[in-house]
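Analysis of the macromolecular model
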Amino acid sequence: MQSMEHSPETKLAREAIARLSNKGLKPEEIQGEMVLNHDLGIDSLQFIRLILEIERKSAKRIFNVQIIAQIKTVNDLCAAVLRS
Amino acid sequence: MPPAFFSGWSKTIKSSLPLPPGSDEEKRIDDFLYELNEDPDCISMLREMDDAGIDRAILLVIDFGLAYTGMESTIEEVHLAHKKLLEQSDRFLAFSNVDPRRGQEGLNLFEKAVREWGFCGMKLYPACGYSPDDRKLFPYYEICHELRLPVLTHIGPTTATLPFRHTQPAQVDDAAFHFPEVNFILGHAAVTHYQDAALLAQYRPNIFLDLSGFQTAVNHNEFRNIMRWHIARGLTKKLLFGTDWPIHRFWGTQRDWVEKITSLPAESLVTEEGVRNILGENLLNILPVPRKEHAKHGT
C-alpha cells in the first residue's frame, strides 16, 4: 500500500477525486477505504469526469468497462491506475 | 443497437458533462458506451449471473424498425437471434416485441414467436411512437390473455432521438382496464415516475413495477426512500427485480445489484420473504414457465 499512497499516478487520482468530490476534502485527507459514491459524493456523471480526467492527465488509456465496474473505493481506483 | 439510438444516448450523457465538443474525451465516452453493449452471445452476462446467483434472465426484443431508418436486421431476424440464444441456454427467457403499426404481418410474427419459438411475454417500447393503450395492440393483448403472457412496457425517458410522450404510467391504464387478466409490468417504473406508477399498482391488481434502473437511484442515494414509498403502500408483492443489462454495467456488477436488494432486511426495509418475492417469486407468479427447483435469485 506504501507504493500506492505515494506514486505519481495515484497522487493524480487523489487530486482529481478531491476536485470532483462535493465533500471539500484535500487530496491528503482522502482515505483509501473511502467509497467514491457514498463517502465522497462522486455520482455517476462525476465518476465519468473522474476517469476521463485521470486518463487525460496520464496520457494513456487505463479503464475499460470491466475494470470500471469493480471500482468502488479510492483504493480500487488507485489499484486500477497502478496496474495500467 | 441502432446508430441513431446510440447517438441520442451518447449526446444526453455528454450534455451533462463540461467537455469541449469533439474532444478526445467525448470520443472516449463513445468508446465506453460501445464497449458496454458488446456482449452479443451474452457470455459476460452469464458469467455475471453465475457470480450473482441469478438463475435466469429475460431477454427483450425491441422493434426499432419503424422508428428509425436503415436498420441492419429485420424484426424477424432480431427475433431469430433471440430464439438462437433461447436454444443455447435454458437460463434465458425472451419477450417478443413487434411495432403494432406493422399490421397483420407483425401480428403473425408475434404469434409465431410466442406459439412456436418459445417467447414467453410481450415487450413494448412506446418511445418508438405508439401508446400502450393503442387499439392496434388489443389483438396482441388477446393473445397474451389466451396464453397468460405478461406485457412489459418501457416507462420514462430514453434516448434523446425518440419521443417520450407515450412513456407515462397513465398510458397503460386503459389497456390494463380492458384486459384485467393480462399482467402489465411497468418497466423501470419502480424508480421512474414511481409515485404515479405506485398508485396504478396499488389499485390495479394486474399492474406490476419493474425495478431495473434502480442503480441510478442508488447512485443518487434515493433508493431507500423510494423503497419505503412502495413498501408503505403494500407493494412488496408487486415489485420485480431487474438490472437493465447491459446499461448499468459501468456502475457495478450483477452481484452488486442483487446485494442492494438482499441488504434491505438488515436495514429493516423489507423482510427476507419480501426479498425472495422481489428477486424472483413475484415474477414467477406471472410467467407462463415452469419453476426451477434450485433458483437462488431472480428469474
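Residues numbered from 1 in each chain as written. Chains lettered and ligands numbered in written order. Predicted model: local features only at pLDDT ≥ 70, side-chain atom pairs only at ≥ 80, totals over all residues.

**Regarding the overall build of chain A**
What counts, and what does not: Numbering of helices and strands runs from the N terminus; a helix is a DSSP stretch of H or I covering at least four residues, while a strand is a stretch of E covering at least two. Radius of gyration here uses only the C-alpha atoms, and the compact-globule reference equals 2.2 Å multiplied by the residue count raised to the power 0.38. Note on burial: count the other C-beta atoms lying within 10 Å of the residue's C-beta; 20 or more is buried, 12 or fewer is exposed, in between is partly exposed, and C-beta positions come from the backbone. Residue pairs are scored as contacts if the distance between their C-beta atoms, which are placed from the backbone, is within 7 Å.
Across its full length, chain A holds five helices and zero strands. Element order for chain A, N to C, with α for helix and β for strand: α-α-α-α-α. For 84 residues, the compact-globule formula gives about 12 Å, and the C-alpha radius of gyration of chain A, at 11 Å, lands near that figure. C-alpha atoms of chain A, sized along the principal axes, occupy 30 × 30 × 20 Å. Looking at the 84 residues of chain A, the share that counts as buried comes to 29%. In chain A, of all internal contacts separated by at least 6 residues, the share reaching a separation of at least 24 is 54%.

**Focus on the environment of Gln168 of chain B**
Residues and elements named next belong to chain B. With respect to the helices and strands, Gln168 occurs in the loop between β4 (151-154) and α7 (173-178). Owing to 19 C-beta atoms within 10 Å, Gln168 belongs among the partly exposed residues under this scheme. Once the C-alpha coordinates of Gln168 and Ile58 are considered, the two residues, 110 residues apart in sequence, prove to be 23 Å apart.

**Some words on the interface of chain A and chain B**
Where interface size is quoted, it is often the accessible area lost as the parts come together. Selection rule: Note on residue classes: Ala, Val, Leu, Ile, Met, Phe, Trp, Tyr, Cys and Pro are nonpolar, Asp, Glu, Lys and Arg are charged, and everything else, Gly too, is polar.
With 13 residues of chain A at the contact, the number on the chain B side is 15 residues. Those elements that provide at least two residues to the side of chain A that touches chain B are α3 (44-58) and α4 (65-69) of chain A. Take the side of chain A that touches chain B: its biggest share by element is seven residues, from α3 of chain A. A per-class count over the side of chain A that touches chain B returns six nonpolar, three polar and four charged.

**What to know about the sheet that holds β4 of chain B**
Residue and element names in this part refer to chain B. Our working rule: Here, a strand pair is defined by DSSP locating no fewer than two bridges between the strands.
A sheet is described by the order of its strands in space; here five strands give the open sequence β3-β4-β5-β6-β7, paired in parallel fashion. Edge positions in the sheet fall to β3 (122-124) and β7 (239-240), since each has one partner strand and no second. With three bridges joining them, β3 and β4 adopt parallel strand pairing. Bridged to Leu124 within β4 is Thr153.

**Points about the pairing of strand β2 (residues 92-95) of chain B**
Residue and element names in this part refer to chain B. Filter applied, for reference: Seen with its strands pointing away from the viewer, a crossover is right-handed if its path from the first strand over the helix to the second goes clockwise.
Two strands pair when backbone bridges link them, and strand β1 (residues 57-60) and β2 are joined in this way by four bridges, in the parallel orientation. Looking at β2, one finds that Ala57 is bridged to Phe92. In this fold, the crossover linking β1 to β2 by way of helix α4 (residues 75-88) has right-handed handedness.

**Observations regarding the nonpolar core**
A general trend in soluble globular proteins is that nonpolar side chains are found buried together. The condition that has to hold: Residues enter a nonpolar core if they are buried, belong to Ala, Val, Leu, Ile, Met, Phe, Trp, Tyr or Cys, and are joined to the set through C-beta atoms within 7 Å.
Counting 74 residues, the largest nonpolar core has Val151, Phe184, Leu186, Ala197 and Leu209 of chain B as the members making the most contacts within it. Top element by residues in this core is helix α8 (residues 194-203) of chain B. It accounts for five residues. For Leu186 of chain B, the contacting residues outside a window of four places in its chain are Thr153, Ile155, Pro169, Val172, Ala197, Ile207, Leu209 and Asp210 of chain B. By size, the runner-up hydrophobic cluster in this structure holds 23 residues, among which are Ile48, Ile51, Ile68 and Ala80 of chain A.

**Side note on the confidence of the model for chain A**
To keep it simple, the criterion reads: Confidence of the predictor at the level of single residues is captured by pLDDT, which takes values from 0 to 100.
When pLDDT is averaged along chain A, the result is 89; 93% of the residues meet or exceed 70. Of all secondary-structure elements in chain A, the lowest mean pLDDT belongs to helix α1 (residues 2-6) of chain A, at 57, while helix α5 (residues 74-83) of chain A reaches the highest, 94.

**Topic: unusual backbone geometry**
All names here are of chain B. With omega at 5°, the peptide bond leading from Trp245 into Pro246 counts as cis. Among the secondary structure elements, Pro246 is positioned in the loop between β7 and α11 (254-262). Phi is positive for Asn221, close to 55°, though the residue is something other than glycine. Residue placement: Asn221 occurs in the loop between α9 (214-219) and α10 (223-232). The class for Asn221 is exposed, based on 12 C-beta atoms found within 10 Å.

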